[in-house]
Amino acid sequence: MAASDTATPLAEQRITRATDCHLHIFGPPDRYPFTSDRAYTPPEASLASYDALAASLGLERMVIVQPSVYGKDNRCTLDMTDLAGRDRARAVIVVDNSVSDSQLRDMHDRGARAIRINALTPAGVPLDQIQTLARRIAPLGWHLQFWISGPQIVALTDVILALPVPVVFDHMGQFAVEEGMNHPELRALLRLLEADHCWVKLCGYRVSKKGPPYDDVRAPAEAMIAAAPTRCVWGTDWPHPHMQDKPYPDDRFLLDLLSNWAGDEATLRRILVDNPAKLYGF
């Protein structure tokens, strides 16, 4: 999507060090080949293209998340984190329990701060490795980032509550928004957010069933902010891969939407600046 040339809430409110906590970079396929068991094949999406968007939105820091199409080959994600620079970039990588401790330390030195647990697309980390991986990354100060379904959140609640590391839920927990505020999936997620080590990414357009302007996501988002104002972060999910039949989101609108959910500048600043700084070590 072309970057907007109009002023943004961040520029107007002079919010500095704002962080996009969820984006993907797709490099040249001849250099960074895709895994064979992928759910989609994305076009190239470069760091330079993202930087142009981020500049237009007033976003100064980034968290590059390993996409499923690369499986456990983290070269593109870590190379782009290196290129962006440690002062403004962190990475979320994908490994399983075969990774060595020395490899984890090397990835830490390159900006990795979390392992992504993806149970929704191919080439993800097996859920039965969660507890072992959590114990191994605890000394590094990392967290686990879960992209799992609402029913899986319900089933894993006790396991997640007992983990020795922070947990971050992708895409607002991928709960069944159409079932309303009292559905067990959302109730389980809000219960988890009462725990001091549970966080959520307020990237809600993938949860929405109605599409723009995503009115069905507003009440759950506001409930999450109320439950855990110091443990909510936000991301664009640029370049919005694997949208299939869904409308392609406008990144400017997504940022405006977050501003509306936050309700005031102090809360918006907390979500965009303070919370990411704590979670990712900026």
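The structure displayed is predicted, hence computed values, not measured ones.

Observations concerning the layout of surface pockets
- Approximately 290 Å³ is the volume attributed to the largest pocket.
- In the lining of the largest pocket, the residues fall into six nonpolar, eight polar and four charged.
- Approximately 170 Å³ is the volume found for the second largest pocket.
- As for the second largest pocket, its lining consists of 13 residues, of which K72, N74, V95, Q103 and M107 are closest to the centre.
- For the lining of the second largest pocket, the secondary structure elements donating two or more residues are helix 3 (75-84) and helix 4 (101-109).

Some details on the environment of D37
- In this structure, D37 sits in the loop between strand 1 (19-23) and helix 2 (47-57).
- For D37, a relative accessible area of 38% puts it in the partly exposed group.
- Taking the C-alpha atoms as reference points, D37 and G71, separated by 34 residues in sequence, lie 8.6 Å from one another.
- Polar side-chain contacts of D37 include one of 2.7 Å to the side chain of T35.

Quick look at the nonpolar core
- Counting 87 residues, the largest nonpolar core has L144, F146, F169, L202 and M224 as the members making the most contacts within it.
- Top element by residues in this core is helix 10 (residues 251-262). It accounts for six residues.
- In this structure, V63, V92, V168 and W199 belong to the second largest nonpolar core, which totals ten residues.

Observations concerning the sheet that holds strand 5 (residues 143-147)
- What the eight strands build is an open sheet, ordered 1-2-3-4-5-6-7-8; its pairing is parallel. One side of each edge strand has no neighbouring strand; the edge strands of this open sheet are strand 1 and strand 8 (232-233).
- Looking at chain direction, strand 5 and strand 6 (residues 167-169) are connected through three bridges and run parallel. If you follow Q145 over to strand 6, its bridge partner there is V168.

Rules of the game
Residues numbered from 1 in each chain as written. Predicted model: local features only at pLDDT ≥ 70, side-chain atom pairs only at ≥ 80, totals over all residues. Heavy atoms only, no water. 1 Å grid on protein atoms, 1.4 Å probe; cavity = no way out; pocket = protein on both sides within 12 Å on 5 of 7 lines; lining within 4 Å. Points joined across faces, edges and corners; volume = space filled by probe spheres on them. Nonpolar A, V, L, I, M, F, W, Y, C, P; charged D, E, K, R; others polar. Helix = DSSP H or I, 4+ residues; strand = E, 2+ residues; numbered from the N terminus. Buried < 20%, exposed > 50% of the residue type's maximum accessible area, 1.4 Å probe, protein only. Polar contact = N/O pair within 3.5 Å; in protein donor to acceptor, adjacent residues only side chain to side chain. Core = buried A, V, L, I, M, F, W, Y, C linked by side-chain atoms within 4.5 Å. Pairing = 2+ DSSP bridges.

Keep in mind these values describe shape, not function.
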